[in-house]
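One-letter residues, chain by chain:
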Amino acid sequence: MSIITLTSDFGCLDYRVSAMKGKILSLNPEVNTIDITHDIQAYNLIQTSYIVRNAYKYFPSGTIHIVSVDSFFHKSRKNILYKADGHYFLAADNGLLSLVFFDIKPEAIYEITLNNRFDDIVNFTSTDVFVPVAVHLTNGGLPEVIGRKIESAKQLLFPKPVYNEPEKMIIGEVMYIDNFGNIISNINKDFFETLAKGFESFTIKFRNLSLSKIYSSHTELVVDWERETEYHGQSAAIFNDSDQLELTIYKGSKKNGAKTLFGLNVGENIYIEFF
């Protein structure tokens, strides 16, 4: 079964997502098309990388992922096909895929030359470039037919936490806020645990608030399930299923979750002080 996933910052109000799906069906009606999300904030590559990185690995090897974020066509900017971890990724050469795979070396990178002749007209990158390439791959076509192999693509630096040794403190930042208002940081579990070995305790600090414990899941903080409702609204820090430090409100939402109650925004600092 051939699978193409779609991720974009198009939203669902306009015609663009439907146009992509219609073009896929017109070229190969047997393709299974799956939406990852179309609610990416406009041009937000960090947000896109977090979502795509955590979603793609659940799909079968060989899946083709179209990532239409900051993808408007211009002849001076390449569009690329990225083969990594057994999957194919189509995106503009804007550094996005280097953020998705900051720790994985791609198996191959191709500059897409389809529709790239001087007299070709590209009105919409996703339908005129990405979809034909994706369907070509689902039909068993070789990447070399639609592009030329290149050594590297545009690189962006993924924001990483740092350790301030004199202050005995990790300095991280908010990189993503999810649909429940949970605040996801760039502090990874392995990084934290490596540094925590030499200390007895720690405090997580953000704004004028602090937490002194990290749970392994959202539900671990509930110690009495007969009184579960009493825990609603309780604040906590967890390592989420991506092993990233997350600030959460138990059973919070966009309106009353961690984002609203803590007042943190993407890019703001989160500190872990050891002692």
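Residues numbered from 1 in each chain as written. Predicted model: local features only at pLDDT ≥ 70, side-chain atom pairs only at ≥ 80, totals over all residues. Heavy atoms only, no water.

Labelled according to an unreviewed UniProt entry, the protein chain appears under the name S-adenosyl-l-methionine hydroxide adenosyltransferase, originating from Chryseobacterium piscium. Quoted verbatim from the Sequence similarities (unreviewed entry) heading of the UniProt record, the comment on the protein chain is "Belongs to the SAM hydrolase / SAM-dependent halogenase family." (UniProt positions renumbered as here; feature names shortened; annotations may be inferred.)

**Points about the layout of surface pockets**
Estimated volume of the largest pocket: approximately 860 Å³. In this structure, the largest pocket is lined by 38 residues; those nearest its centre are Tyr-176, Ile-177, Asp-178, Asn-179 and Phe-180. For the lining of the largest pocket, the residue count by class is 14 nonpolar, 16 polar and 8 charged. For the lining of the largest pocket, the domains that each give at least three residues are domain 1 (1-148) and domain 2 (160-272). In this structure, the second largest pocket is lined by 17 residues; those nearest its centre are Arg-53, Phe-102, Phe-158, Asn-188 and Gln-244. Looking at the lining of the second largest pocket, the elements with two or more residues in it are helix 2 (45-55) and strand 10 (183-188). Residue contributions to the lining of the second largest pocket peak at 4 residues, all from helix 2. Composition of the lining of the second largest pocket by domain shows at least three residues from each of domain 1 (1-148) and domain 2 (160-272). (1 Å grid on protein atoms, 1.4 Å probe; cavity = no way out; pocket = protein on both sides within 12 Å on 5 of 7 lines; lining within 4 Å. Points joined across faces, edges and corners; volume = space filled by probe spheres on them. Nonpolar A, V, L, I, M, F, W, Y, C, P; charged D, E, K, R; others polar. Domains from an automatic or database assignment. Helix = DSSP H or I, 4+ residues; strand = E, 2+ residues; numbered from the N terminus.)

**Here we look at the packing of aromatic side chains**
Taken as a whole, this structure holds 14 aromatic pairs when the rule is applied. Geometrically, the ring pair formed by Tyr-56 and Phe-89 is edge-to-face, given 5.3 Å between the ring centres and 85° between the ring planes. Taken together, the residues span a long stretch of sequence, with Tyr-56 in the loop between helix 2 and strand 3 (64-68) and Phe-89 in strand 5 (residues 87-92) at a distance of 33 residues. Residues Tyr-56 and Phe-89 agree in their burial class; the two are buried. When the ring of Tyr-163 is compared with that of Phe-274, the centres are 6.5 Å apart and the planes differ by 65°; the resulting orientation is edge-to-face. (Phe/Tyr/Trp six-rings, centres within 6.5 Å; stacked < 30°, edge-to-face > 60°. Buried < 20%, exposed > 50% of the residue type's maximum accessible area, 1.4 Å probe, protein only.)

**So, the pairing of strand 4 (residues 79-84)**
The element strand 4 is extensively covered by neighbouring structure, given that 5 of its 6 residues are classed as buried. In the sheet, strand 4 pairs with strand 5 via 6 bridges, with the strands oriented antiparallel. Counterpart to Asn-79 in the pairing with strand 5 is Ala-92. The turn linking strand 4 back onto strand 5 is made up of 2 residues, and Asp-85 within it adopts a positive phi angle of 55°. Of the pairings in the sheet, the one linking strand 4 to strand 6 (residues 108-112) comprises 4 bridges and is antiparallel in character. Of the residues in strand 6, the one forming a bridge with Lys-83 is Ala-108. (Pairing = 2+ DSSP bridges.)

**Digging into the side chain of Thr-5**
On the secondary structure map, Thr-5 appears in strand 1 (residues 3-8). Within the local environment of Thr-5, its side chain forms a polar contact with the side chain of His-65, the two groups lying 2.7 Å apart. Each residue touching Thr-5, except ones within four places of it in the same chain, is listed here: Ile-34, Ile-36, Phe-59, Thr-63, Ile-64, His-65 and Ile-66. (Polar contact = N/O pair within 3.5 Å; in protein donor to acceptor, adjacent residues only side chain to side chain. Contact = heavy atoms within 4.5 Å.)

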